[in-house]
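Chains, contacts and geometry: an overview
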Amino acid sequence: MIRIARLLPLCLVFLAAAGDAPQFAPSRDVTVTYRTAHGPIPQTPAKVVVRQTARGTKIRTDDYVFLDVDMPYEGAIVDHDAHQVISLVYSRRVAVESPMPQAAMPGLTLTPELTYQRGTDDKILGFACTNWDVTQPVGGAVKEARQWKVCVTPDGVTLRYVVNGIEWVATSVVFATLPPTVFVPPADMQRLTVTLPAQ
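Each chain has its residues counted from 1, following the order in which its sequence is written. Local features in this predicted model are restricted to residues whose pLDDT is 70 or higher, and side-chain atom pairs enter the listing and the counts only when it is 80 or higher, whereas totals over whole chains, interfaces and linings include all residues. Side-chain numbers come from the whole structure's heavy atoms, not from hydrogens or water.

**Side note on the environment of Asp 133**
- In this structure, Asp 133 sits in strand 8 (residues 127-136).
- C-alpha of Asp 133 to C-alpha of Gln 117: the two residues are 16 residues apart in sequence and 5.0 Å apart in space.
- Contacts are residue-level and defined by heavy atoms, with any inter-residue pair within 4.5 Å sufficient. In this structure Asp 133 touches Thr 115, Tyr 116, Gln 117, Trp 148 and Lys 149, once residues within four positions along its chain are discounted. By definition, any uninterrupted DSSP run of H or I lasting at least four residues is a helix, any uninterrupted run of E lasting at least two residues is a strand, and each is numbered from the N terminus.

**A word on the state of the cysteines**
- Note on disulfides: each one is a pair of cysteine sulfur atoms within 2.5 Å. For the structure on display, the rule yields one disulfide.
- In this model Cys 129 forms its disulfide with Cys 151; the gap between the sulfur atoms is 2.1 Å. On the S-S bond that ties Cys 129 to Cys 151, the torsion sits near 90°, and the link is right-handed. Here the residue Cys 129 occupies a position in strand 8, and Cys 151 occupies one in strand 9 (residues 146-152), the gap between them amounting to 22 residues.
- Classification of Cys 151 by relative accessible area gives buried; the value is 0%. Buried residues are those whose accessible area, probed at 1.4 Å on protein chains only, stays under 20% of the maximum for their type, while exposed residues exceed 50% and partly exposed ones sit between those limits.

**As for the nonpolar core**
- To form a nonpolar core, buried Ala, Val, Leu, Ile, Met, Phe, Trp, Tyr and Cys residues must be joined to one another through side-chain atoms within 4.5 Å. Within the largest apolar cluster, 30 residues are counted, with the highest numbers of intra-cluster contacts made by Val 32, Tyr 34, Tyr 116, Val 150, Leu 159 and Trp 168.
- With five residues, the top contributor of residues to this core is strand 11 (residues 166-175).
- Dropping the residues within four chain positions of it, Leu 159 is found in contact with Tyr 34, Ile 124, Phe 127, Cys 129, Cys 151, Thr 153, Trp 168, Val 169, Ala 170 and Val 173.
- Within the second largest apolar cluster, nine residues are counted, among which are Leu 88, Tyr 90, Val 182 and Met 189.

**Let's talk about the side chain of Asn 131**
- As for its position among the elements, Asn 131 is in strand 8.
- Dropping the residues within four chain positions of it, Asn 131 is found in contact with Gln 117, Arg 118, Gly 119, Thr 120, Asp 122, Val 150, Cys 151 and Arg 160.

**Here we look at the pairing of strand 9**
- Pairing of strand 8 with strand 9 involves seven bridges; the strand directions are antiparallel. Residue pairing for strand 9: Val 134 is matched across the bridge by Trp 148.
- Pairing between two strands is assigned when DSSP locates at least 2 bridges connecting them. Pairing geometry for strand 9 and strand 10 (residues 158-163), over four bridges, is antiparallel. Pairing of Cys 151 across the sheet is with Arg 160, part of strand 10.
- Here strand 9 folds back onto strand 10, and the loop between the two strands holds five residues, one of which, Gly 156, carries a positive phi near 85°.

**Regarding the pattern of salt bridges**
- By convention in these notes, a salt bridge is any Lys or Arg side-chain nitrogen within 4 Å of a carboxyl oxygen on Asp or Glu. For the structure shown, the criterion picks out seven salt bridges.
- Here Asp 188 makes a salt bridge to Arg 93, at a shortest N to O gap of 2.7 Å. With Asp 188 in the loop between strand 11 and strand 12 (190-193) and Arg 93 in the loop between strand 5 (84-89) and strand 6 (94-99), this pair connects stretches of sequence that are 95 residues apart.
- Two residues, Arg 191 and Glu 97, come together in a salt bridge whose shortest N-O distance is 3.4 Å. Of this pair, Arg 191 sits in strand 12 while Glu 97 sits in strand 6, and the two are 94 residues apart along the sequence.
- Arg 191 sits in the partly exposed class, given a relative accessible area of 46%.
- When salt bridges that share partners are traced, they join Arg 51, Arg 60 and Asp 62 into one network.

**Considering the confidence of the model for the chain**
- What pLDDT conveys is the predictor's confidence in a given residue, as a value from 0 to 100. Mean pLDDT over the chain works out to 80, with 75% of the residues at or above the 70 mark.
- Every residue in residues 11-18 is under pLDDT 50, and counting partners more than four places away or in other chains gives 35 contacts.
- Under a pLDDT of 50 for its full length, residues 103-111 has, in the predicted model, 34 contacts with residues more than four places off or in other chains.

Shown next, in the form of structure tokens:
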């Protein structure tokens, strides 16, 4: 099953935070393909495709073992409005629906507790972006501070993530309307529902 921690970088595509912070919500539907670079970390995809609606209320990720393969091995559909995650396990043709716990998926929905430190300006694929250090401090259900880095365009598209020793760098950015079917599991997948214990 897809590891929920893999969804941490998606925190930067939902709501904009007040003050000196990047714009996190894309102004229009967008599909971004990332190449990943990492150290000796097992079960890390070589390529990730992220599709998100304007304002980032719905997000779909698909992870690929190799850069040149067409079939992902796992993915996820995130619906912020429904507070729901559907994990996609392609090899088993299973879609597992579960609530979106804020503690288990830190930063996926931005909160005032997150802090942002502006860095240098950069350019990726011809798009200007600004580097930011992001921190989620200890508090509530968060027992350990978490940090990550991003480079975000002025219209809210994240072109690079550095999270837990893994770097995602955009290799393609396509602006086009995403049909609702993108955010529905494949019809041939078995649907399962799980609930998480109360914290």
